[in-house]
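# A structural walkthrough
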Amino acid sequence: QVQLVESGGGLVQAGGSLKLSCAASGSIFVINTIAWYRQVPGKQRELVATITRGGSTFYADSAKGRFTISRDNAKNTVSLQMNSLKPEDTAVYYCATYITATASTHWGQGTQVTVSS
């Protein structure tokens, strides 16, 4: 089993920054890629960024140039540094990982990010 716990959300003014963290526990040796998603009520969950165990990253167009995903394998954490935040970044942010061995996706409980204009 894998458990993911997000932290770091909050209220920030437009143009500000927030850093989200995702702490993994449990069978962490099976974790390869960890992703950040976000969801606005009434809309589909949207992929924001991913990072592999080796450090390869992917960013959605909405995140490129503003967000940075990083990983500390020793501490079993993945962070999402979000700069130049916009009101449209307001959402619940989730971290997630897909475990190939069990064909299962594990999600954290989410953390709210609110950007005021």
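Whatever comes next refers back to the structure up there.
Throughout, a residue's number is its position along its own chain's written sequence, starting from 1. Only residues with pLDDT of 70 or above have their local features reported here, since the model is predicted, and side-chain atom pairs are shown and tallied only from 80 upward, although totals for entire chains, interfaces and linings are computed over all residues. Note that the side-chain values use all heavy atoms of the structure and ignore hydrogens as well as water.

### Thoughts on the overall build of the chain
Along the backbone of the chain there are zero helices and eleven strands. From first element to last, N terminus to C terminus, the chain shows the α and β order β-β-β-β-β-β-β-β-β-β-β. Put simply, the radius of gyration uses C-alpha atoms, and a globule should come to 2.2 Å times the residue count raised to 0.38. Against the globule reference of 13 Å for 117 residues, the chain gives a C-alpha radius of gyration of 14 Å, in line with a compact fold. For the chain, the spread of C-alpha atoms along the three principal axes comes to 45 × 30 × 20 Å. Think of it in three bands: residues with accessible area under 20% of the maximum for their type are buried, residues over 50% are exposed, and the middle band is partly exposed, with areas taken using a 1.4 Å probe on protein chains only. Each of the 117 residues in the chain was classed as buried or not, and the buried ones make up 38%. Residues count as neighbours in contact if any of their non-hydrogen atoms are within 4.5 Å of one another. A separation threshold of at least 6 residues defines the contact pool for the chain, and within that pool the share at least 24 residues apart is 52%. Per-residue and other accessible areas were derived by the Shrake-Rupley procedure at a 1.4 Å probe size, with only the shown protein chains allowed to occlude residues. Summed over its atoms, the accessible surface of the chain is roughly 6100 Å², and 51% of this surface lies on carbon and sulfur atoms. Taking the average location of the 10 positive side-chain charges in the chain and that of its 6 negative ones, the two points are 4 Å from each other. Secondary structure counts use DSSP, requiring at least four H or I residues in a row for a helix and at least two E residues in a row for a strand, with both numbered from the N terminus. As used throughout, the charge tally considers Lys and Arg to be positive and Asp and Glu to be negative, leaving His and the chain termini uncounted. A charged residue contributes its charge at one atom only: NZ of Lys, CZ of Arg, CG of Asp or CD of Glu.

### Notes on the sheet that holds strand β3 (residues 18-26)
Strand pairing in a sheet takes place through backbone hydrogen bonds and is either antiparallel or parallel in direction. The four strands lie next to each other as β1-β3-β8-β7, forming an open sheet whose pairing is antiparallel. Each of the sheet's edge strands pairs with one partner strand only, and the pair in question is β1 (2-7) and β7 (67-72). Recorded for the sheet is a direction-independent mean angle of 15° between the axes of neighbouring strands. Should DSSP find at least two bridges between two strands, the strands are taken to pair. Relative to strand β8 (residues 77-82), β7 runs antiparallel, the two sharing six bridges. In the strand pairing of β8, S70 is matched with S79. Each axis is a line fitted through C-alpha atoms, and for a helix only the stretch in contact is used; angles between axes span 0 to 180 degrees, taken between their N-to-C directions.

### As for the environment of T50
Relative to the assigned elements, T50 resides in strand β5 (residues 46-51). For T50 and W107, which are 57 residues apart along the polypeptide, the C-alpha to C-alpha distance reads 14 Å. Among all residues touching T50, those that are not within four sequence positions of it are T33, I34, A35, S56, T57, F58 and I69.

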